[in-house]
Each structure stands twice: as C-alpha cells, then as structure tokens.
Amino acid sequence: MASLTLDQIRLAPKVLLHDHLDGGLRPATVVELADECGYTALPTTDVTKLGGWFRGGAHSGSLVRYLETFSHTVAVMQTPEALARVARECAEDLAADGIVYAEIRFAPELHTENGLSLDAIVEAVLDGLRAGSEGTGLHARVLCTAMRHQARSLEIAELAVRWRDQGVVGFDIAGAEAGNPPTRHLDAFQYLQRANGHFTIHAGEAFGLPSIWEAVQWCNADRLGHGVRIVDDISVDVEGQASLGPLANYVRDTRVPLEMCPSSNVHTGAARSIATHPIGLLRDLRFRVTVNTDNRLMSDVTLSSEFATLVETFGYGWSDIRWFTLNAMKSAFLPFDQRLDLIDDVIKPGFDALAASAPGA
Ligand SMILES: O=c1[nH]cnc2c1ncn2[C@H]1C[C@H](O)[C@@H](CO)O1
Ligand SMILES: [Zn+2]
C-alpha cells in the first residue's frame, strides 16, 4: 500500500506537547526584528542563508552547541511587541500545519534584557498566541520553562501558577542537562506539587538514566522531555525479545508520557539516526510515546514532516499517527473534560474521515 504523504499528514488533527517558542521563529522574522531593535550580531541578514545557518549550527551533534544558536533568537525577543509577534506567527504556523492542540514553552527569564517584568513577558506571549489562533482550529497553551543552570526555577514556577487560569498550563526545566540534574530544582517541583500544578522535565536527552530517575522518582515529573535514554534500561536479545529494567518498567507501568523529538535528537547527538532512534522500540513496547518538534527553526521540521519521516523510516500508517496523537492528547496539561472533548469531537472524527478517504497504510 502507498505510504502517507506529507500533504495527507498535514490534514490530520495533530497534537504538539514539546515546542520551544524561541526555537520556532521564521528566519525572515529574525532578520526583521533584529533590524527593528538594532541587533547587529546575526551571522547574516540574508533570510535564506540565515535559515541555513541555524540548521548548520544546530546539527552539530552536541546539545551545548545546539543551544548556542538560541542566543540570536532570544536577542530579538526582548520587547512585548516582538514577543507577541513571534507568538502570533508560531500559532499561525502550527495551525497551518493542522495542529489542533499545542503547548508552547519558553523561558521568561531569558527575555528580561530590556527590563521587562516576568508577568509582562508571559502576557505578551499569551496575547500573541491568542491572536494567531483566532479563527483557526488551534488551541494553544503555554508552559513556563526555567533554565536549569540558573537559580530562578522557584520564581518561574510561581509565575506559571499565577498565570494558570489565563493560558499557562505547566512548567518545565531546559538547557544543558549534564551537571544540572533535576533535583537541583527540587524546591520548584515541590512547590508546584503543593499548588496542584503540572510539570515536565527535559531528562534523558544529553544525560542518561540518573537524570530520568531523578525526574521521575525525586521530582515526580508528570512527563519527560525526550526521555530517549530510557532505552539504556532495556536490553533486546538476539531473537528481538526485550527485557526491561526497574526504571523502564516503572515508566511504562505508570504511563509516564515521553515527549520524543526524533530529528532534534539526531541533531544534538542524543540518537545516531532516525532509523536507530529508540522511538521505534519504545512504540513497539507500548510506552506512552508522543511525537514532537522541539525546535522547528533549528531542526528545520514541522510536526507533519516529523511524522512523514517516521512513516518513511518505520512504515507507520494512519493508525500509528492516530495512536501517537491520542497519547499526546491524553498527556496534555489541559483539564480532563477539555482533553476528552478534543479527542471525541475533533481528533477521532478527523482521523476516521482521513482513513476513509485516503486509506494509505
Ligand atoms: O532539546 C532541548 N534540550 C534542552 N534545552 C533546550 C532544548 N531545546 C531548547 N532548549 C532551551 C533553549 C531555549 O532558549 C530554552 C527555552 O525555550 O530551552
Ligand atoms: Zn526541548
């Protein structure tokens, strides 16, 4: 049977849980905003070349080098207008890709260079997302990220709780993983638990099982950002029989959602290739796997292109994309009744209609 095309996948009602606002700018917007705010350190102001530069810098095989490219996007996101524009365009781009629910994350503490307050930063992003989603099928929400090498996580967790009824649905920590374990921010995670808040933790990307173990067993993370290194606790024998260690069993048994970002993992060196990416094994073993973009600009992906790559590599069809999508919607930090409404009224009917009209695989 013919495999699904990118255009077909674009039509599917998809869900995105892991996407960085400062990793998803349009190259033309970076150039225009740099011009407006007088930022002169861009490697080039040629839009095509700049897009290529971000890809080239990001595909370095090192998370630390990958993260260096963000200095340019963050530099041009220092006013309410710039933040709102980037957020509006983000929502427009996700809606155009057929996404019906998205959690967009960013680190407010990175946008204070001109003296903006953390609240003003969140407000501008929420305004932009609202404007870009209007009239589309997209429901956009925000996760406030704290940078794991800094010491503002409790403050950012409090910020997330302060804005929780206005579009912020959770918290995250990101940045260089090695040397900055999740327990460094235990007070923020404990505060969020007392406040009945939700959070995900980037763990098991550039560092292995100890990071995942801390995120799950010390910090009580609701979800794991990436979590690819959970495969280090799984062995597969010559007959293809998998056996799981205690942490892998725990993660699967308790249905901890894994926010997997295959292309980003290849670019940062967390996986050697898409074909050898643990997502294939983890999907077969029925972990609660979701598919995500991470950074659309740096990794040059959309959620649809990411699915198309998986279709090509693993031979996935509609039923697999639907499974990943339902996993993602079930794992969203949106209230249960709203998750259910999107599943019953949008996602299931959408996939049923597509499978009937374009049976592909
Ligand atoms: O994949 C990632 N791992 C760790 N940190 C990341 C990743 N992608 C983006 N970040 C960082 C860089 C951004 O400036 C920050 C907030 O979005 O999060
Ligand atoms: Zn990320």
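Residues numbered from 1 in each chain as written. Chains lettered and ligands numbered in written order. Predicted model: local features only at pLDDT ≥ 70, side-chain atom pairs only at ≥ 80, totals over all residues. Heavy atoms only, no water.

An unreviewed UniProt entry lists the chain under the name Adenosine deaminase, from Pseudofrankia inefficax. Database annotation for the chain, UniProt heading Function (unreviewed entry): "Catalyzes the hydrolytic deamination of adenosine and 2-deoxyadenosine." The chain has a UniProt comment under Sequence similarities (unreviewed entry) that states "Belongs to the metallo-dependent hydrolases superfamily. Adenosine and AMP deaminases family. Adenosine deaminase subfamily." (UniProt positions renumbered as here; feature names shortened; annotations may be inferred.)

1. Topic: the UniProt feature "binding site: Zn(2+)" (unreviewed entry) in the chain
Taking the numbering used here, the UniProt-annotated feature "binding site: Zn(2+)" (unreviewed entry) corresponds to H18, H20, H202 and D294. Across 277 residues in sequence, these annotated residues keep their C-alpha atoms within 12.0 Å of one another, forming a single compact spot. With sequence-adjacent residues up to four places away left out, H18 is seen in contact with E103, R105, H202, G225, H226, E259, C261, N292, T293 and D294. Engagement of the side chain of H18 in a polar contact is seen with the side chain of E259, the distance being 2.8 Å. With respect to the element layout, H202 can be found in strand 5 (residues 200-203). Other than its neighbours up to four places away in sequence, H202 contacts H18, H20, R105, R148, D172, I173, A174, E177, G225, H226 and D294. A polar contact of 3.3 Å, which involves the side chain of H202, links it to the side chain of H20. (Contact = heavy atoms within 4.5 Å. Polar contact = N/O pair within 3.5 Å; in protein donor to acceptor, adjacent residues only side chain to side chain. Helix = DSSP H or I, 4+ residues; strand = E, 2+ residues; numbered from the N terminus.)

2. Let's talk about the side chain of K14
For K14, the location among the structural elements is in strand 1 (residues 14-20). Polar side-chain contacts of K14 include one of 3.1 Å to the backbone oxygen of R10. Polar contacts involving the side chain of K14 include one to the side chain of S304, which spans 3.4 Å.

3. Some remarks on helix 17 (residues 336-357)
In this model helix 17 runs 30 Å from its N-terminal to its C-terminal C-alpha over 22 residues, within 8% of the 32 Å that 1.5 Å per residue would give. Residue I343 marks the point of greatest curvature in helix 17, where the axis turns by about 40°. The set of residues buried in helix 17 consists of L342, I343, I347, F351 and L354. (Expected span 1.5 Å × (residues − 1). Bend = angle between axes of the 7 residues up to and from the residue. Buried < 20%, exposed > 50% of the residue type's maximum accessible area, 1.4 Å probe, protein only.)

4. A few points about the packing of aromatic side chains
In this structure the tally under the stated criterion is 10 aromatic pairs. For the pair F314 and Y316, a centre-to-centre distance of 5.5 Å together with 25° between the ring planes defines the contact as stacked. Judged by its relative accessible area of 7%, Y316 falls in the buried class. One aromatic cluster is present, formed by F307, F314, Y316, W323 and F324 through successive ring pairs. Over the ring of F333 we find R223, and its NZ or CZ is 3.9 Å from the ring centre. One Lys or Arg, R283, reaches over the ring of W323 and ends 4.4 Å from the middle of that ring. (Phe/Tyr/Trp six-rings, centres within 6.5 Å; stacked < 30°, edge-to-face > 60°. Lys NZ or Arg CZ within 6 Å of the ring centre and 35° of its normal.)

5. Overview of the nonpolar core
Membership of the largest hydrophobic core comes to 116 residues, with the highest contact counts inside it found for F171 and F287. Of the residues forming this core, the biggest block, eight residues, is contributed by helix 6 (residues 80-96). Aside from chain neighbours lying at most four places away, what touches F171 is L143, C144, A146, S153, I156, A157, A188, F189, L192, H198, F199 and T200. (Core = buried A, V, L, I, M, F, W, Y, C linked by side-chain atoms within 4.5 Å.)

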